Amino acid sequence: MKPKIIKALGLMSGTSIDGIDAALIETDGQDHVRSLGVHGRPYTEEFRAKLRKHLGNDQGTKVPAIAAFERELTELHAVIAQELLQKLNE
């Protein structure tokens with residue numbers, strides 16, 4: 001039986017804290033991997049400062065502040081994913 005081909009979206013923000021990268025691939029999970037597109041966006045200086053503030057700061061940081069920041073980061077990831085998909089549909 002031939003493996004099913006699927007599309008997978010990957011998002012990452014590396015330790016350099018420079019921004020978010022996205023990639024869309026087509027794969028069967030084994031032998032077939034084909035890049036369908038990539039997209040990235042740098043963080044603003046303001047967001048980068050917030051990220052540095054929260055990294056490794058498990059003492060004294062209020063849970064609501066972390067939750068609000070996590071939501072902002074998640075929304076940025078969603079924007080990058082949408083931008084990549086729009087770019088591929090052009």
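Residues numbered from 1 in each chain as written. Predicted model: local features only at pLDDT ≥ 70, side-chain atom pairs only at ≥ 80, totals over all residues. Heavy atoms only, no water.

**Thoughts on the overall build of the chain**
Piece 1. Regarding its fold elements, the chain presents two helices and three strands.
Piece 2. Counted from the first residue to the last, the chain has its helices and strands arranged as β-β-β-α-α.
Piece 3. Scaling as 2.2 N^0.38, a compact globule of 90 residues should have a C-alpha radius of gyration of about 12 Å, whereas the chain reaches 17 Å, well beyond that.
Piece 4. With the C-alpha coordinates aligned to their principal axes, the bounding extent of the chain is approximately 55 × 30 × 20 Å.
Piece 5. Buried residues in the chain amount to 23% of all 90 residues.
Piece 6. Considering only contacts within the chain whose residues lie at least 6 apart along the sequence, 43% involve residues at least 24 apart.
Piece 7. In the form shown here, the chain has an accessible surface area of approximately 6700 Å², with 56% of it arising from carbon and sulfur atoms.
Piece 8. In the chain, which carries 12 positive and 13 negative side-chain charges, the distance between the mean positions of the two groups comes to 2 Å. (Helix = DSSP H or I, 4+ residues; strand = E, 2+ residues; numbered from the N terminus. Rg over C-alpha atoms; globule rule 2.2 N^0.38 Å. Buried < 20%, exposed > 50% of the residue type's maximum accessible area, 1.4 Å probe, protein only. Contact = heavy atoms within 4.5 Å. Areas by Shrake-Rupley, 256 points an atom, 1.4 Å probe, with all protein chains shown as cover. Lys, Arg positive; Asp, Glu negative; His and termini not counted. Charge placed at Lys NZ, Arg CZ, Asp CG, Glu CD.)

**Regarding the pattern of salt bridges**
Piece 1. In the structure shown here, the tally under the stated rule is five salt bridges.
Piece 2. A salt bridge links Glu83 to Arg41; the shortest N-O distance between them is 2.2 Å. One end of the pair, Glu83, is in helix H2 (residues 63-89); the other, Arg41, is in strand E3 (residues 33-42), with 42 residues separating them in the sequence.
Piece 3. Its relative accessible area of 34% is what places Arg41 among the partly exposed residues. (Salt bridge = Lys/Arg side-chain N within 4 Å of Asp/Glu carboxyl O.)

**Quick notes on the sheet that holds strand E2 (residues 19-27)**
Piece 1. Strand order in the open sheet made by the three strands is E1-E2-E3, with antiparallel pairing throughout. Edge positions in the open sheet fall to strand E1 (6-12) and E3, since each of these has one partner strand only. Across the sheet, the mean angle separating the axes of adjacent strands is 15° when strand polarity is ignored.
Piece 2. Bridge analysis of E2 against E3 gives nine bridges, and the strand direction is antiparallel. Within E3, the residue paired with Ile20 across the bridge is Arg41. (Pairing = 2+ DSSP bridges. Axes fitted to C-alpha atoms, helices over the stretch in contact; angles between N-to-C directions.)

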